[in-house]
Amino acid sequence: MGFLQRSANMVTYEWRRALAKKKFYVLVILTLVLQIGLFALFSYFFTNPPPGFVGSPLEEMKASMWLVGVLGLQGLFIPLIAIVIAGGSMSEEYERGTADILLSKPITKMEYMTGKFLGGLSLLGFVIVLITILGTTLAYGLFGPQESIQFVPVIYLVLLYSNLLFFSMTFMFSEVFRRTTLSIMAVIGIFVASLFIGGILSMMHLMTQEQLYLEISKWLPNWSVSNLPSFVASELITAPESPFVSVPGGDIQLAAAIIAVYTIASILIAALKLVRSDVTKRTG
Amino acid sequence: MSPQSVLAVSNLTKFYGDFKALDSVSFAVEKGWIYGYLGPNGAGKTTTIRTMLGLLRPDQGEVQIDGVNPAKNPVHALKSVGYAPELPTLQTFFSGEQLMEFIGKMFGLAAQARKARIKQLLDLVGLKEWGDKKIGKYSKGMVQRLSLALALINDPLVLIMDEPTIGMDPEGTAHFRNLFTSLSKEGKTIFISSHLLDEVQRICTHVGMINKGKMVFNGLITQVLETFTKQWVIEAELKTVTKTMITAIKNLDYVEDVKVDENKLRIELKEKKDLRGEISSEIFKRKGVLLSLNLHKITLEDAYLRALKGDQ
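Residues numbered from 1 in each chain as written. Chains lettered and ligands numbered in written order. Predicted model: local features only at pLDDT ≥ 70, side-chain atom pairs only at ≥ 80, totals over all residues. Heavy atoms only, no water.

### Some words on the environment of A:Glu93
Threshold: In DSSP terms, a helix is any run of H or I states spanning at least four residues, a strand is any run of E spanning at least two, and both are numbered starting from the N terminus. Should any heavy atoms of two residues lie within 4.5 Å, those residues are counted as being in contact.
Within the fold, A:Glu93 resides in helix 6 (residues 91–96). On a C-alpha basis, the gap between A:Glu93 and A:Thr132 in space is 31 Å, while along the polypeptide they are 39 residues apart. With near-sequence residues (within four places) excluded, A:Glu93 lies in contact with A:Tyr13, A:Arg17, A:Thr98, A:Ala99, A:Leu102, A:Tyr112, A:Lys116 and B:Gln91.

Right under this line is the structure:
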């Protein structure tokens, strides 16, 4: 039995642990209901367009509605699901005292952590698949044939990559604090602060035309997470008139690099903390 | 450490901040032994066990399980270890069978063997009817039984248990006592941390005693009794006790002291000898009517209390 098998065993464990939580289902159902609501609103809008909003642009929008389904919830709801999944990943084992049961078995701490991380991430990937399938299906069902649909898998992968940032950050806090509520609150705090500071920096940029404010705002975690999928969609889909992918000046490489930096740093900190400290007894 | 040692702890020291929880603890446990690890609350028993399993990082010293250090190579060292923690908290989202299945996979047991072993162990611990129920519905005693079944899933060479029968009913306690003895006869090494001295005295072959993080005794259970025995005591119950009889017995060369409780005499001897014959002759000589006469050597509890006081 090697590293992969032992880690894979932990992946299945992590799925069961996360799926046993009611708050996970509540959040996923809420997200899917919101998506349906969003499409219902658009459907109403297209059936009863405001005066002057008819003709060609409306038809082009209809043909790209799958992007609304796939990207529409990225700004807030998918990162929240990532935070909820990762929040208890490490800490719950300490809080409940089950870490002793797991780590007294023939498994290294690295295998344990890898399994937990990949388990949570694959579950997040599954939730994003659900959101993507529902969004694409609704777009087809309500608005007819969709254009550039072949890019759905690429956009899906980019979405998953983008959400690595908050997922791994929460995972790190879950190991460092060893308290689920504290780790979730810490990341939500960072998320909200990042939105707030980003808004102020954008405003200062608009007022002063100073580029530095904009550059600083790019290093806040929200910027890359929210924008990378749209940047990639803009690059892939050659329909510039599409209102959903018109994000000018998107720096894909920078956004991808920022996500990588946050993710790698978070994973390293979590690994160091796990390897270099005692397995604490029940803390909950 | 002997080359036959299956479990060897040498010079183990562990600090929690400024508090020295373990102070150069050393002992070795050989194949087939049932080693009782005794100590009062907070003595360092659980810290020793958790360090042995690699859950805690020692500040000094090391542990070897079958020649392998679990902190350095947990996969190799822990594959032949079964561990039942004190008052276990198990994953309540699993059923008993599911958790055993998962832990069996962690040990790399093949599917067929795993299935058979789970069935056998659930039967052994009396949870046959409960295997498919969620652990959240189990009573404390049932969780304890499941924890013992989990500790046995890999047919371990070394079984490490922290207060294994705490919270268990008397029937369960007796059942597991017999189980541990038979496992030891099969050549398995058993390490039991306990404060139930009677249990330890009944099943353990060897004893380690720890107090305030320091080992105060390590050796054969018979040796501990011998080491901490100052005297043997004869208890005599008579129909009536007279002052002359007490004085006469007190004056015997081999008697240290006599304590009286109504018609019972507690005669403390100077030597570790069975002197019941001499005492009964003395009583008959004084026309006493003897109802009972018992020799008390020493209990593990007496030895334990003396060991904690450093009183040899």
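### What about the side chain of B:Thr48?
Residue and element names in this part refer to chain B. Counted only if it meets this: For the exposure calls, accessible area comes from a 1.4 Å probe over protein chains only, and a residue counts as buried if that area is under 20% of its type's maximum, exposed if over 50%, partly exposed in between.
Turning to its location among the elements, Thr-48 is positioned in helix 1 (residues 45–52). Residue classification places Thr-48 among the buried positions, given a relative accessible area of 0%. Sequence-distant contacts of Thr-48, that is, excluding residues within four places in its chain, are made with Leu-22, Phe-27, Tyr-37 and Ile-210.

### Overview of the sheet that holds strand 8 (residues 206–211) of chain B
Residue and element names in this part refer to chain B. Stated precisely, the cut-off is as follows: Here, strands pair whenever DSSP counts at least two bridges between them. Between N-to-C directions, angles cover 0 to 180 degrees, with each direction set by a line fitted to C-alpha atoms, over the stretch in contact for helices.
Taken in spatial order, the 6 strands make up an open sheet running 5-6-7-3-8-9, and their pairing is mixed. Each end of this open sheet is capped by a strand with a single partner; those strands are strand 5 (81–84) and strand 9 (214–220). Averaged over all pairs of adjacent strands, the angle between their axes in this sheet comes to 15 degrees, without regard to strand direction. Strand direction decides the pairing type here: strand 8 and strand 9, joined by 6 bridges, are antiparallel. Bridge pairing links Ile-210 to Met-215 in strand 9. Packing against the sheet, helix 11 (residues 300–309) makes contact with strand 3 (34–38), strand 8 and strand 9, and its axis sits at approximately 40 degrees to strand 8.

### Quick word on the packing of aromatic side chains
Quick note on the threshold: Pairing of aromatic rings covers Phe, Tyr and the six-membered ring of Trp, with a centre-to-centre limit of 6.5 Å; geometry is then stacked below 30 degrees between planes, edge-to-face above 60, and tilted otherwise.
The final tally for this structure, using the stated rule, is 24 aromatic pairs over all chains. Residues A:Tyr13 and B:Phe94 carry aromatic rings whose centres are separated by 5.9 Å and whose planes lie at 45 degrees to one another, so their mutual orientation is tilted. Taken as a pair, A:Tyr13 in helix 1 (residues 3–19) and B:Phe94 in the loop between strand 5 and helix 3 (96–106) lie in two separate chains rather than in one. Residue class for A:Tyr13 comes out buried when judged on its relative accessible area of 1%. Assessed through its relative accessible area of 2%, B:Phe94 is described here as buried. Aromatic pair A:Phe39 and A:Phe143: ring centres 6.1 Å apart, planes at 35 degrees, arrangement tilted. Of this pair, A:Phe39 sits in helix 2 (residues 22–47) while A:Phe143 sits in helix 8 (residues 109–143), placing them 104 residues apart in sequence. Pair check on accessibility: A:Phe39 and A:Phe143 agree, each one buried. Members of the aromatic cluster, joined through ring pairs, are A:Phe39, A:Phe42, A:Phe45, A:Phe46 and A:Phe143.

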